[in-house]
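Structure assessment
What follows is the residue order along each chain.
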Amino acid sequence: MLKIARDRFQGCLVGSVIGDCLGAPFEMQNWNENGIPRQKILSVINPKELADRSIQLKYTDDTAMAKSVCSSLLQCKEFDAVDMAKRFTEEYFKEPDRGYGSNIVFIFEQWKNAMKTELNLKNVLYPSTSQFDGKGSYGNGAAMRVSCIALFTLSLEDCIELAKKASILTHSNKNGYNGAILQALSVRKAIRASCDIDPIVFVDELIDEMKHVESFSGEVKRNTESLYDWTRSQSFSFTHQLEIIKKLLIVNNTESKENDIKLVNSVLGRDISAQQAVPAALYSFLRNLKFGFEETLYYAISLGGDTDTIAAMCGAIAGSYYGLKSIPQSWFDVCEFSKEMQQFADDFFELHKS
Ligand code: R7I
Ligand code: MG
Ligand code: MG
Ligand code: MG
């Protein structure tokens, strides 16, 4: 039996939808190297002010797809590629204007066509593996939806395997699915952590896990001479980005956070790729451990760029650690689909009780 509090399961999925809804008004609005000023963020999502207003903040594709991953796993009680693909497709055609990535929609169209005869295990991966001249998408659209896999699986191996399977349906590029694995592993670690995480130990453990996942042919550069020597590695790897996160955590450990955003944006980035968005989300969580859920989310959004997705992934990790109780009630109330995500979390929790 799994001994994790229900509140943390709920924090994970509610944190994810809240990050999506609160980050969405700022998505792609600001690519200034200094990110988005705190005042500007507060003018839109300050929980105290939202409490007095009867508005609803809409979720985007991030939650639309997460919803399908949750419902497929809960219904089938195992990973079923065809079932999940059908749910993605139905969800998309029901509400195509949720802000989907520009290439993933071609996958939904091909699945819809295949469904006229039969979508099956033989043809379900064809559209994804044909994207971008056969290299597959490295967009962050797989990573943004896999947090619940850390709630569904028990072992580390199952978590990795399932995150990969649920990702390659649409993102067959290794950076697309490895980014999703890193997101799932980050949630897994955060939800299991006792209070007082040591952020460096947290990253070191992820480095070991991702090293195994990415199975390096060469050596990861561990440059301890210069903290600012970020670009030694020849080719991209999440393991290397984790090394960079570690350096950033050492350098940026003061109370004043506004000054370090420029550096974070230049060395990690915050665009629509998994390579940038997943490390940005994880870093936002670890950099703000002293400050709690609310501050963590402001920080994630303040990076600018792909704010809904970075905040959704960061919200899932932070919610897993701090629990639902740490999420401002007015955020829960104004964000569309919070209650339903809480219900999904309860359902995952119940699965482990029996
Ligand atoms: O990854 P995906 O689902 O997009 C998710 C993002 C999130 O920010 C959501 O909030 C939403 O706004 O979209 O959708 P994809 O279409 O697979 O990938 C997104 C974009 O990444 C693509 O449209 C491309 O611009 C880019 N991209 C690539 N570009 C060149 N080569 C992804 N893979 C490649 C590639 O291999
Ligand atoms: Mg979105
Ligand atoms: Mg998408
Ligand atoms: Mg986005």
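Residues numbered from 1 in each chain as written. Chains lettered and ligands numbered in written order. Predicted model: local features only at pLDDT ≥ 70, side-chain atom pairs only at ≥ 80, totals over all residues. Heavy atoms only, no water.

Considering the side chain of S147
Within the secondary structure, S147 sits in the loop between α7 (126-130) and α8 (149-152). In this structure S147 comes out as buried when scored by relative accessible area, which is 4%. Side-chain polar atoms of S147 contact the side chain of Q183, separated by 3.1 Å. Those residues in contact with S147 that lie beyond four places of it in its chain are C12, Q183, V187 and A316. (Helix = DSSP H or I, 4+ residues; strand = E, 2+ residues; numbered from the N terminus. Buried < 20%, exposed > 50% of the residue type's maximum accessible area, 1.4 Å probe, protein only. Polar contact = N/O pair within 3.5 Å; in protein donor to acceptor, adjacent residues only side chain to side chain. Contact = heavy atoms within 4.5 Å.)

Remarks on the coordination of the magnesium ion (ligand 4)
In the first shell of the magnesium ion (ligand 4), the protein supplies E27 (OE), D306 (OD), D308 (OD) and T309 (OG1), at 2.0 to 2.3 Å from the metal. The site at the magnesium ion (ligand 4) holds six donor atoms, and with the angles between them running 78 to 176 degrees, its shape is octahedral. If you list the donors of the magnesium ion (ligand 4) from N- to C-terminus, the spacing comes out as E-x278-D-x1-D-T. The two metals, the magnesium ion (ligand 4) and the magnesium ion (ligand 2), are separated by 3.7 Å and share D308 as a common coordinating residue. One end of the pair, E27, is in the loop between α1 (6-23) and α2 (38-45); the other, D308, is in helix α16 (residues 307-322), and 281 residues separate them in sequence. On the basis of relative accessibility, which here comes to 0%, the residue D308 falls in the buried class. (Donors = N, O, S within 2.8 Å, 3.2 Å for Na, K, Ca; no water. Tetrahedral: all angles 85-135°; square planar, octahedral: opposite > 155°, others 65-115°.)

Regarding the layout of surface pockets
Size it by volume and the largest pocket reaches roughly 460 Å³. Elements with a minimum of two residues in the lining of the largest pocket: α4 (61-76), α6 (104-117) and α16. (1 Å grid on protein atoms, 1.4 Å probe; cavity = no way out; pocket = protein on both sides within 12 Å on 5 of 7 lines; lining within 4 Å. Points joined across faces, edges and corners; volume = space filled by probe spheres on them.)

Looking at the site of ligand 1
In the vicinity of ligand 1 lie 20 residues, with D62, N103, S137, H171 and D306 positioned nearest. Between D306 and ligand 1, the recorded distance is 2.5 Å, taken from a side-chain N or O atom to an oxygen atom. Between ligand 1 and D308 there is a distance of 2.9 Å, counted from an oxygen atom to a side-chain nitrogen or oxygen. Relative to its unbound accessible area of 700 Å², ligand 1 is 85% covered by the protein chains. At a threshold of 2 Å from the grid points, most atoms of ligand 1 map onto the largest pocket. Of all the secondary-structure elements, those providing two or more residues to the shell around ligand 1 are α4 and α16. The class makeup of the residues in the shell around ligand 1 is four nonpolar, 11 polar and five charged. (Near = heavy atom within 4 Å. Areas by Shrake-Rupley, 256 points an atom, 1.4 Å probe, with all protein chains shown as cover. Sits in = over half its atoms within 2 Å of the grid points. Nonpolar A, V, L, I, M, F, W, Y, C, P; charged D, E, K, R; others polar.)

Some thoughts on the packing of helix α11 (residues 199-214) against helix α14 (residues 274-287)
Contact geometry for α11 and α14: axes closest at 10 Å, N-to-C directions at 150 degrees. By the angle class used here, α11 and α14 are roughly antiparallel. The element α11 and its partner α14 pack so that their crossing is right-handed. Contacts between α11 and α14 pair P199, F202, V203 and L206 from the former with L282, F285 and L286 from the latter. Class assignment of the residues belonging to the contact of α11 with α14 gives a composition of seven nonpolar, no polar and no charged. (Axes fitted to C-alpha atoms, helices over the stretch in contact; angles between N-to-C directions. Parallel < 35°, antiparallel > 145°, perpendicular 65-115°, else oblique. Left-handed = near helix turned anticlockwise from the far one by under 90°.)

A word on the packing of aromatic side chains
Scanning all chains against the criterion turns up 18 aromatic pairs. On the numbers, 5.0 Å between centres and 90 degrees between planes, the contact of Y92 with Y100 is edge-to-face. Ring centres 5.7 Å apart and planes at 75 degrees place the aromatic pair F285 and Y321 in the edge-to-face group. Of this pair, F285 sits in helix α14 while Y321 is found in helix α16, placing the two residues 36 residues apart along the sequence. For F285, a relative accessible area of 0% translates into the label buried. By relative accessible area, which is 14% here, Y321 ends up buried. Here the aromatic residues F88, Y92, F93, Y100, F108 and W111 are joined through ring pairs into a cluster of three or more. (Phe/Tyr/Trp six-rings, centres within 6.5 Å; stacked < 30°, edge-to-face > 60°.)

Describing the UniProt feature "binding site: Mg(2+)" (unreviewed entry) in the protein
Summarizing the sequence annotation, UniProt attributes the feature "binding site: Mg(2+)" (unreviewed entry) to T60, D61, D62, D306, D308 and T309 in the numbering used throughout. Spatially, the listed residues are clustered: although they cover 250 residues, their C-alpha atoms lie within 12.5 Å of one another. Lining the largest pocket, out of the annotated residues just given, are D61, D62, D306, D308 and T309. Inspection of the secondary structure puts D61 in helix α4. Residue D61 is classed as buried on the basis of its relative accessible area, which comes to 8%. Discounting chain neighbours no more than four positions away, the residues touching D61 are R98, G99, Y100, G101, M144 and D308. For D308, the contacting residues outside a window of four places in its chain are G19, D20, G23, A24, E27, T60, D61 and D62. Within the structure, the side chain of D308 is placed 3.0 Å from the side chain of T60, a separation counted as a polar contact. (UniProt positions renumbered as here; feature names shortened; annotations may be inferred.)

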